[in-house]
Amino acid sequence: DGRVYISDLAATAPPGLQTRGIGYYCSDIEQDVPPGGPYDVVHARMVFSHIADPLRALRNAVSALAPGGVIYVADLDRITSLTLVDVPPFDAARRAVVDDIVATSNYDPQFGRRIPALLRSCDLTEIDVHGTVEFHFGGVSRLQLARHVAAYDRIPECRRAFRVDAVEAAVD
């Protein structure tokens, strides 16, 4: 028997959570231990790389764990985001998105490689780390471009930097 809760800064829960039996807390992981704990599992995906003090936030998340609990942290490290085919407009647009986000937020594009050390600094002893390298074939298909545009369009900071017209030439 388990319970699932989502914690976010938004004052209201996303639609449909209650009908699926998912609870919701409005809280700031950087400032407070997540309410409602202790939890057997804390899952944080794409969270800590966007926070000004990720160590403090991670310590708060670890504090919410029950004895023997597990924390799962998944985040990006842009050093492993490569383009296999040299397509300057595509590459320039992708770099512009990341540069704009870094300049206008707390986003750390190299956060992924810091995760193991941060976990150790929280006095966690059983740390298992896995990495994935993501390759982009810039210029290969409109489907891939559409996927990237859709992903970037969901992030307000990206709407300014990602210019579809700058990369459409790369997919012909």
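Above this text is the structure in question.
The rules we used
- Residues numbered from 1 in each chain as written.
- Predicted model: local features only at pLDDT ≥ 70, side-chain atom pairs only at ≥ 80, totals over all residues.
- Heavy atoms only, no water.
- Helix = DSSP H or I, 4+ residues; strand = E, 2+ residues; numbered from the N terminus.
- Buried < 20%, exposed > 50% of the residue type's maximum accessible area, 1.4 Å probe, protein only.
- Contact = heavy atoms within 4.5 Å.
- Areas by Shrake-Rupley, 256 points an atom, 1.4 Å probe, with all protein chains shown as cover.
- Lys, Arg positive; Asp, Glu negative; His and termini not counted.
- Salt bridge = Lys/Arg side-chain N within 4 Å of Asp/Glu carboxyl O.
- Core = buried A, V, L, I, M, F, W, Y, C linked by side-chain atoms within 4.5 Å.
- Phe/Tyr/Trp six-rings, centres within 6.5 Å; stacked < 30°, edge-to-face > 60°.
- Pairing = 2+ DSSP bridges.
- Right-handed = clockwise from strand over helix to strand, strands pointing away.
- Polar contact = N/O pair within 3.5 Å; in protein donor to acceptor, adjacent residues only side chain to side chain.

### Digging into the overall build of the chain
Scanning the chain for helices and strands turns up six helices and six strands. Ordered by position in the sequence, the α and β elements of the chain form the string β-β-β-α-β-β-α-α-β-α-α-α. When the 172 residues of the chain are sorted by exposure, 36% land in the buried category. Considering only residue pairs separated by 6 or more positions, the chain has 62% of its internal contacts joining residues 24 or more positions apart. In the form shown here, the chain has an accessible surface area of approximately 10800 Å², with 54% of it arising from carbon and sulfur atoms.

### Examining the side chain of Glu 30
Relative to the assigned elements, Glu 30 resides in the loop between β2 (22–26) and β3 (39–45). Although Glu 30 lies buried, it forms no salt bridge, and the closest oppositely charged side chain, Arg 56, sits 6.3 Å away as judged by the N-O distance.

### Looking at the nonpolar core
Within the largest apolar cluster, 19 residues are counted, with the highest numbers of intra-cluster contacts made by Val 42, Phe 48, Leu 58, Ile 71 and Val 73. Listing elements by their share of this core, those giving two or more residues are β3, α1 (54–63), β4 (65–74) and α3 (115–121). When sequence neighbours within four positions are dropped, the list of residues in contact with Phe 48 reads Ile 29, Pro 54, Ala 57, Leu 58, Ala 61, Val 73, Asp 75 and Phe 111.

### Details of the packing of aromatic side chains
For the coordinates displayed, the defined rule picks out two aromatic pairs. Relative to Tyr 25, the ring of Tyr 5 lies with its centre 5.1 Å away and its plane at 25°, an arrangement referred to as stacked. In this pair, Tyr 5 is assigned in strand β1 (residues 4–8) and Tyr 25 in strand β2, connecting sequence segments 20 residues apart. By relative accessible area, Tyr 5 is classed as partly exposed at 32%. Its relative accessible area of 24% is what places Tyr 25 among the partly exposed residues. Taken together, the aromatic side chains of Tyr 5, Tyr 25 and Tyr 39 make up a single cluster linked through ring pairs.

### Examining the pairing of β3
Judged from the six bridges that link them, β3 and β4 form a sheet pairing that is parallel. What sits directly across from Arg 45, in β4, is Ala 74. Between β3 and its parallel partner β4, the chain crosses via α1, and the hand of that crossover is right-handed.

### Regarding the side chain of Asn 60
Note that Asn 60 resides in helix α1. Within the structure, Asn 60 has its side chain in polar contact with the backbone oxygen of Ile 29 (distance 2.8 Å). In this structure, Asn 60 is in contact with Ile 29, Glu 30, Gln 31, Asp 32, Val 33 and Pro 34, ignoring residues within four places of it in sequence.

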